[in-house]
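Report on the structure
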2 protein chains.
Amino acid sequence: MEHHLTRSDIQDMDKRFRAQFINSIPGFKSVSLVGTADSAGSHNLAIFNSVIHLGSNPPLLGFITRPTTVPRHTYQNIQEVGHYTINHLHRDLYRAAHQTAARYEEGVSEFEAVGLTAELKAGFPAPFVGESRIKLGLKYVEEHAIANGTILMVGEIQEIWMPTGLIREDGYVDIEQAGSLGVTGIDSYHETRRLARLSYAKPDRAPEEINPSPLQS
Amino acid sequence: MEHHLTRSDIQDMDKRFRAQFINSIPGFKSVSLVGTADSAGSHNLAIFNSVIHLGSNPPLLGFITRPTTVPRHTYQNIQEVGHYTINHLHRDLYRAAHQTAARYEEGVSEFEAVGLTAELKAGFPAPFVGESRIKLGLKYVEEHAIANGTILMVGEIQEIWMPTGLIREDGYVDIEQAGSLGVTGIDSYHETRRLARLSYAKPDRAPEEINPSPLQS
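Read on for an overview of the structure. Model, not experiment: these values are computed from the prediction. Residue numbering note: each chain is counted from 1, following its sequence as written. Chain letters start at A and ligand numbers start at 1, both assigned in the order the entries are written. Reporting of local features is limited, given that this is a predicted model, to residues whose pLDDT is at least 70; pairs of side-chain atoms are given and counted only at 80 or more, and all residues count toward the totals for whole chains, interfaces and linings. Heavy atoms throughout the structure, all of them, feed into the side-chain values; hydrogens and water do not.

Turning next to the environment of Ala19(A). Under the scheme used here, helices are H or I runs from DSSP no shorter than 4 residues and strands are E runs no shorter than 2 residues, and both carry numbers assigned from the N terminus. Residue position: Ala19(A) is located in helix α2 (residues 15-24). The classification of residues rests on relative accessible area computed with a 1.4 Å probe and restricted to protein chains. Under 20% of the type maximum is buried, over 50% is exposed, and intermediate values are partly exposed. Classification of Ala19(A) by relative accessible area gives partly exposed; the value is 22%. Expressed as a C-alpha distance, the spacing of Ala19(A) and Ala147(A), which sit 128 residues apart in the sequence, is 17 Å. Residue contacts follow a heavy-atom distance rule, with two residues in contact if any of their heavy atoms lie within 4.5 Å. Discounting residues that sit within four places of it in the chain, Ala19(A) has contacts with Ile186(A) and Ser56(B).

Quick look at the structure:
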């Protein structure tokens, strides 16, 4: 049986119900911790499920911040300092990561509140998450104001830290092997199980499974 | 052992290697088929791994299109008609979905070329994918030109078709139960396995697992 909902069915939903519902509908999402510092060096850590790839050359990623109607330290700190980190989650990290969304009192670092390590690496001006396995350091590039008041933040990757042995010979990084998680809706965390990698699509033949061997890295 | 890459290491990569590498690094991604029609009624179908949630009220989703330096029918058709569909993948559908990325000759519908059904529903002006289980119909809202020439397309959900029994009592939609897939990199398709849903984060207590019962839908 198929269920059909229209725009007005969505409009008639209770506010919290609709937030859960519409957050679930786009499909699987990335989930990461974004680490920032203000100009005085205080650290902030926040969970986001909207990190996307924008381009490889230059290496650009985006993420969506919510409206600035309440204090949003992540946004403010990126404005002040110009750098931030994106840190993948794994199964030993997602509960602490989820807890960073609590509204702690002003001046409380989420790193300390949830028991994660603010790791400063190679002079990068924003803190990485010590417990994360794949850690990216980015430089702010630009932002775009979207119709509903959210903001697309665009940044360029400057630094990557990750375990050895994940990079395949064609450049693919096996983030499933690293245990990286995905999220559905607002609050559901998932591990993954690869079905296959498929070869570059060409009009005259069906895609084949590709199984590249590991690169020495 | 940790592996460290800098901006210049990324710059020095071979172009295809870098595309695989940087596409893998953001984390898990959604994967969907976007269906469009031109003003003459010809259908187009293309795979995207950048669909994101932008807001629930109004219900806005975004996705990224590549530069318009080569013909991009999805973008052109949305400009012409103003509507498009987003269709989830599942394990019986991802090989055909991947194949839509092949460069077919002008005038060839990817629906026919890869053997998927263009489903017209309730007068909606863009085709849904008959074999998909979760199907969204959207109206174009706006677009944003990003520094690297990609474009963020913003649309508002007008119609949703999905199997019954997926909506939980709090509004969460169990897309894992529907078999929806995620993607890593450019070409790796994954099923998922839920670790837990976690309760709303509050400063004074750790999050708990939530297991809401199904809603009659």
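Regular strands have side chains that alternate between both faces of the sheet. All names here are of chain A. For strand β11 (residues 151-163), the buried fraction is high: 12 of the 13 residues fall into the buried class. In this description, strands pair whenever DSSP reports at least two bridges between them. Here strand β6 (residues 59-65) runs beside β11; their pairing, made up of six bridges, is antiparallel. Within β11, the residue paired with Ile64 across the bridge is Leu152. In the sheet, strand β10 (residues 135-145) pairs with β11 via 10 bridges, with the strands oriented antiparallel.

Once that is clear, we can look at the interface of chain B and chain A. At the interface, 109 residues of chain B touch 109 residues of chain A. Each partner contributes to the roughly 9600 Å² buried at the junction of chain B and chain A, and carbon and sulfur atoms together form 60% of this total. Here, a salt bridge means any Lys or Arg side-chain nitrogen found within 4 Å of an Asp or Glu carboxyl oxygen. Where chain B meets chain A, there are 12 salt bridges. Pairing of N or O atoms within 3.5 Å defines a polar contact, subject to two protein rules: one partner must be a possible hydrogen donor and the other a possible acceptor, and residues neighboring in sequence count only if both atoms are side-chain atoms. Summed over the shared surface of chain B and chain A, the result is 58 residue pairs in polar contact (both at pLDDT 80 or more). Classes in brief: Ala, Val, Leu, Ile, Met, Phe, Trp, Tyr, Cys and Pro nonpolar; Asp, Glu, Lys and Arg charged; the others, Gly included, polar. Taken together, the residues of the side of chain B that touches chain A sort by class into 51 nonpolar, 33 polar and 25 charged. Note: strand β1 (residues 2-6) of chain A against strand β11 (residues 151-163) of chain B, five bridges, orientation antiparallel. Across the sheet, residue His3(A) finds its bridge partner in β11(B), namely Met162(B). Buried area is a sum: the accessible area each of two parts loses on coming together, probed at 1.4 Å, counted once for each and added.

What follows concerns the relation of the copies chain B and chain A. For the pair chain B and chain A, the best superposition has an RMSD of 0.0 Å and corresponds to a rotation of 180° with a translation of 0.0 Å parallel to the axis. The operation mapping one copy onto its partner corresponds to a two-fold rotation axis. Every residue of chain B has its C-alpha some distance from the rotation axis, and the shortest such distance is that of Thr192(B), at 2.1 Å. A share of 100% of the interface residues of chain B reappears at the interface of chain A, consistent with the copies meeting face to face through the same patch. The least-squares superposition of copies is restricted to C-alpha atoms, and to residues with a pLDDT of at least 70 in both copies.

Now for the pairing of strand β3 (residues 32-37) of chain B. Residue and element names in this part refer to chain B. When you tally the buried positions in β3, you get six out of six residues, the bulk of the element. Here β3 shows no split at all, with Ser32, Val34 and Thr36 on one side and Leu33, Gly35 and Ala37 on the other all buried. Pairing of β3 with strand β4 (residues 43-48), which is carried by six bridges, proceeds in the antiparallel orientation. Within β4, the residue paired with Thr36 across the bridge is Asn44. Connecting the antiparallel pair β3 and β4 is a turn made up of five residues, with Gly41 showing a positive phi of about 95°. Here β3 pairs with strand β7 (residues 83-88) via four bridges, running antiparallel.

Moving on to helix α3 (residues 73-81) of chain A. Residue and element names in this part refer to chain A. Taken residue by residue, α3 has Thr74, Tyr75, Asn77 and Ile78 as its buried positions. Along the axis of α3, the buried positions cluster into a sector of 170°, meaning they face one direction only. Against the buried residues of α3 lie β3 (32-37), β4 (43-48), β6, β7 (83-88), β10 and β11. Here the arc refers to the directions that run from the helix axis out to each C-beta atom.

One pair of aromatic rings is described through two measures. These are the centre distance and the angle between the planes. Residue and element names in this part refer to chain B. In summary, the pairing rule links any two rings of Phe, Tyr or Trp, Trp by its six-membered ring, whose centres are within 6.5 Å, and it sorts them by plane angle into stacked for under 30 degrees, edge-to-face for over 60 and tilted for everything else. Under the criterion given, the structure shown has eight aromatic pairs over all chains. Each ring, one from Phe48 and one from Phe63, has its centre 4.8 Å from the other, and the planes form 65°; the classification is edge-to-face. Of the two residues, Phe48 is situated in strand β4 and Phe63 in strand β6 (residues 59-65); the sequence distance between them amounts to 15 residues. Look at Phe48 and you get buried, because its relative accessible area is 13%. Ring geometry for Tyr94 against Tyr189: centres 5.1 Å apart, planes inclined by 40°, an arrangement best described as tilted.

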